[in-house]
Amino acid sequence: MSNINDFLSECEDSLAKSFKLVDETAFANFKRIHAAFQNNRVALRHFAGTTGYGYDDVGRETLCKIFAEIFGCEKAIFSPNIVSGTHAISIALFGILRPGDTLLSISGDIYDTLQSVVCGENIGSLKDFGVNFEQIELRENNFDVQAIENTLKSKNIKMVIIQRSRGYCSRAPLTIAQISEICAKIKSLSPGTIVFVDNCYGEFVDTKEPTHVGADLIAGSLIKNPGGGLAPTGGYIAGKEYLINLAAGRLTAPSIGTEVGSYQSGYQYFYQGLYQAPHTVAQAIKGGMLFSYALSELGLNTLPKANEPFHDIICSVVFKNAEQLIEFCQTIQYASPVDSYATPMPWDMPGYNEQVIMAAGCFVQGASIELSCDSPIKAPYTAYLQGGLSYEHAKLALAFCIEKLNLLK
Ligand SMILES: *Cc1c(COP(=O)(O)O)cnc(C)c1O
């Protein structure tokens with residue numbers, strides 16, 4: 001183990017510049033968040049729980065205002081009443097789209113769980129309600145501007161959806177610069193088209209968010225980046241006020257919208273998690289960078305590659321065979337603070353064509369801002385690793401993996 005420590009220490013030396021850039025991003029985001037807390041005069045009373053309708057729930061209302069300010073938006077919903085990222089995105093889509101409208105994805109396949117929301121048969125999907133869906137694939141990790149232009153010129157597109165993170169596929173994440181450029185293009189071609197960004201895994205990775213550079217609407221999960229590892233549940237939707245009002249009609253009911261919603265356990269962890277989120281995201285990215293650097297030094301293919309910047313919090317690693325992949329995921333589980341004694345096995349997860357193995361020993365169930373790893377068991381044998389509340393945790397887990405897989409020969 002001592003030569004593993006030496007090896008990791010050398011990797012850290014080589015990563016010093018990359019780490020510094022991550023710290024600078026975290027500081028820029030932290031300053032914006034700190035200012036929003038001050039501007040909204042956050043006080044102890046905001047943390048108190050509420051019951052029933054939750055009228056005049058100052059904790060809920062202030063949280064939403066802070067979030068809107070941080071993300072440069074007119075309005076936001078930041079709520080424990082949203083159960084996941086899929087739910088947040090689904091609320092926005094159903095709240096805004098109407099029968100006959102067309103939703104266009106310009107980043108290829110939408111996230112697995114959204115496929116059923118949009119295209120499912122007889123389950124109350126958008127399709128069942130008469131909303132059309134089309135998609136344009138990415139080209140060489142960027143938008144296919146020509147195809148987008150042709151579609152926007154020839155068809156009436158109500159909403160464009162962009163998935164910022166790579167999710168669980170081998171493409172690169174989309175950068176804020178790329179999103180900025182395409183927003184300008186879309187607005188010049190079709191000013192009425194709404195640009196919606198699935199922002200999951202992207203929050204605080206850059207100093208700007210899609211809503212700072214032209215997106216009308218974003219949504220995501222609080223058990224990923226913006227909950228800072230402390231939010232116990234929840235989701236958010238943020239953007240133009242008229243769009244948030246439409247989404248709010250679906251979150252609760254038309255007309256009562258965001259006037260209601262209580263949470264008896266109180267809001268402390270949502271405030272505190274958001275306040276910490278830039279730091280937590282930086283920890284997760286540095287951990288991912290160490291995995292990427294060390295494992296590529298040891299001969300494995302990783303994405304992002306060693307010393308490349310991260311544009312979401314995911315790092316993928318390609319293993320030689322299924323056995324090595326499974327052993328890696330099992331070691332991540334073994335290195336977890338919770339359920340470390342459990343051994344994850346590949347299983348037939350609903351919605352997937354091949355077996356999947358998942359390692360997640362988290363404080364908050366399934367929280368992927370905590371160190372976690374998912375892999376479909378198919379070639380190329382790729383593990384998707386993300387999160388880590390502390391850099392130390394990622395580093396220790398990596399040391400265990402190198403030892404268990406006998407990678408340092
Ligand atoms: C996680 C994720 C979702 C869905 O969020 P859940 O909380 O798992 O429902 C959607 N899109 C992307 C890109 C994600 O990473």
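Our structure is the block above this text.
Now for a description of the structure that goes with this document. (Residues numbered from 1 in each chain as written. Predicted model: local features only at pLDDT ≥ 70, side-chain atom pairs only at ≥ 80, totals over all residues. Heavy atoms only, no water.)

**With respect to helix α11 (residues 391-404)**
- End to end, α11 covers 20 Å across 14 residues, agreeing with the expected 20 Å (1.5 Å per residue, within 8%).
- Among all positions of α11, only Tyr-391, His-393, Ala-394, Ala-397, Leu-398, Ala-399, Cys-401 and Ile-402 are buried. (Helix = DSSP H or I, 4+ residues; strand = E, 2+ residues; numbered from the N terminus. Expected span 1.5 Å × (residues − 1). Buried < 20%, exposed > 50% of the residue type's maximum accessible area, 1.4 Å probe, protein only.)

**Here we look at helix α6 (residues 145-154)**
- Every buried residue of α6 is accounted for by Ile-148, Glu-149, Thr-151 and Leu-152. Seen end-on, α6 carries its buried residues on one side only, within an arc spanning 165°. Within α6, the exposed residues directed more than 90 degrees away from the buried face are Lys-153 and Ser-154.
- Tucked inside the fold, the buried residues of α6 contact β2 (102-105), β3 (132-135) and α7 (176-189). (Arc of directions from axis to C-beta. Contact = heavy atoms within 4.5 Å.)

**Remarks on the site of the ligand**
- Around the ligand sit Ser-84, Gly-85, Thr-86, Tyr-111, Gln-163, Asp-198, Cys-200, Tyr-201, Ser-221 and Lys-224, and those are all the residues in its vicinity.
- Between the ligand and Ser-84, the relevant distance is 3.4 Å, taken from an oxygen atom to a side-chain nitrogen or oxygen of the residue.
- The separation between an oxygen atom of the ligand and a polar side-chain atom of Lys-224 is 2.9 Å.
- For the shell around the ligand, a count of residues per class yields three nonpolar, five polar and two charged. (Near = heavy atom within 4 Å. Polar contact = N/O pair within 3.5 Å; in protein donor to acceptor, adjacent residues only side chain to side chain. Nonpolar A, V, L, I, M, F, W, Y, C, P; charged D, E, K, R; others polar.)

**Some words on unusual backbone geometry**
- A cis amide bond, omega -5°, links Leu-303 with the succeeding residue Pro-304.
- Within the fold, Pro-304 resides in the loop between β8 (301-303) and β9 (314-319).
- Following Ala-379, the chain continues into Pro-380 via a peptide bond in cis, with omega recorded as -10°.
- Backbone geometry at Glu-140 places phi at a positive 50°, although glycine is not the residue there.
- The residue Glu-140 is located in the loop between β3 and α6 in this model.

**What to know about the environment of Glu-241**
- Among the secondary structure elements, Glu-241 is positioned in helix α8 (residues 241-251).
- For Glu-241, a relative accessible area of 39% gives the class partly exposed.
- Once the C-alpha coordinates of Glu-241 and Gly-387 are considered, the two residues, 146 residues apart in sequence, prove to be 32 Å apart.
- Setting aside residues up to four positions removed in sequence, Glu-241 forms contacts with Glu-74 and Lys-75.

**Let's talk about the pairing of β3**
- Relative to β3, β2 runs parallel, the two sharing four bridges. From the neighbouring strand, Thr-102 faces β3, where its bridge partner is Asn-132.
- Regarding the hand of the β-α-β motif, the stretch spanning β2, helix α5 (residues 112-119) and β3 is right-handed. (Pairing = 2+ DSSP bridges. Right-handed = clockwise from strand over helix to strand, strands pointing away.)

**Remarks on the pattern of salt bridges**
- Tallied over the entire structure, the rule returns 13 salt bridges.
- A salt bridge links Glu-61 to Arg-60; the shortest N-O distance between them is 3.8 Å.
- Using a relative accessible area of 32% as the deciding quantity, one classes Glu-61 as partly exposed.
- With relative accessibility at 7%, the residue Arg-60 sits in the buried group. (Salt bridge = Lys/Arg side-chain N within 4 Å of Asp/Glu carboxyl O.)

**Examining the environment of Val-195**
- Tracing the sequence through the fold places Val-195 in strand β5 (residues 194-198).
- On the accessibility criterion, Val-195 (0% relative accessible area) is buried.
- It is 27 Å that separates the C-alpha atoms of Val-195 and Ala-231, two residues lying 36 residues apart in sequence.
- With residues up to four places along the chain from it excluded, the contact list for Val-195 reads Val-160, Ile-162, Cys-183, Ile-186, Lys-187, Ala-215, Asp-216 and Leu-217.

**A short note on the packing of aromatic side chains**
- Taken as a whole and judged by the stated rule, the model has 20 aromatic pairs.
- Ring pairs connect the aromatic residues Phe-30, Phe-37, Phe-47, Tyr-271 and Tyr-275, which therefore count as one cluster.
- Over the ring of Tyr-201 we find Lys-224; its NZ or CZ atom is 4.1 Å from the centre of that ring. (Phe/Tyr/Trp six-rings, centres within 6.5 Å; stacked < 30°, edge-to-face > 60°. Lys NZ or Arg CZ within 6 Å of the ring centre and 35° of its normal.)

**A closer look at the layout of surface pockets**
- Here the second largest pocket defines a volume of roughly 450 Å³.
- Lining of the second largest pocket is provided by 25 residues; of these, Lys-75, Ala-76, Gly-257, Thr-258 and Glu-259 occupy positions nearest its centre.
- Contributions of two or more residues to the lining of the second largest pocket are made by α3 (58-70), β1 (75-79) and α8.
- Looking at the lining of the second largest pocket, its residues break down into ten nonpolar, nine polar and six charged. (1 Å grid on protein atoms, 1.4 Å probe; cavity = no way out; pocket = protein on both sides within 12 Å on 5 of 7 lines; lining within 4 Å. Points joined across faces, edges and corners; volume = space filled by probe spheres on them.)

**Notes on the sheet that holds β9**
- Taken together, the five strands give an open sheet; going across it, the order is β8-β9-β12-β11-β10, and neighbouring strands pair in antiparallel fashion. The sheet terminates laterally at β8 and β10 (356-360), the two strands that pair on one side only. Mean inter-strand twist for the sheet, computed between neighbouring axes without regard to direction, equals 15°.
- Together, β8, β9 and β12 (381-386) form the strand contacts of helix α9 (residues 268-297), whose direction differs from that of β9 by roughly 25°.
- Sheet contacts for helix α10 (residues 322-334): β9, β10, β11 (372-376) and β12; angle to β10, the most-contacted strand, approximately 25°. (Axes fitted to C-alpha atoms, helices over the stretch in contact; angles between N-to-C directions.)

**Quick look at the packing of helix α2 (residues 16-39) against α3**
- At their nearest, the axes of α2 and α3 sit 9 Å apart, and the two run at 140° to each other. Classified by the angle between their axes, α2 and α3 sit oblique to one another. In the crossing of α2 with α3, the sense of the turn from one axis to the other is right-handed. Across the interface between the two elements, Arg-32, Ile-33, Ala-35, Ala-36, Phe-37 and Asn-39 of α2 pack against Ile-66, Glu-69 and Ile-70 of α3. (Parallel < 35°, antiparallel > 145°, perpendicular 65-115°, else oblique. Left-handed = near helix turned anticlockwise from the far one by under 90°.)

That is the geometry; function is a separate question.
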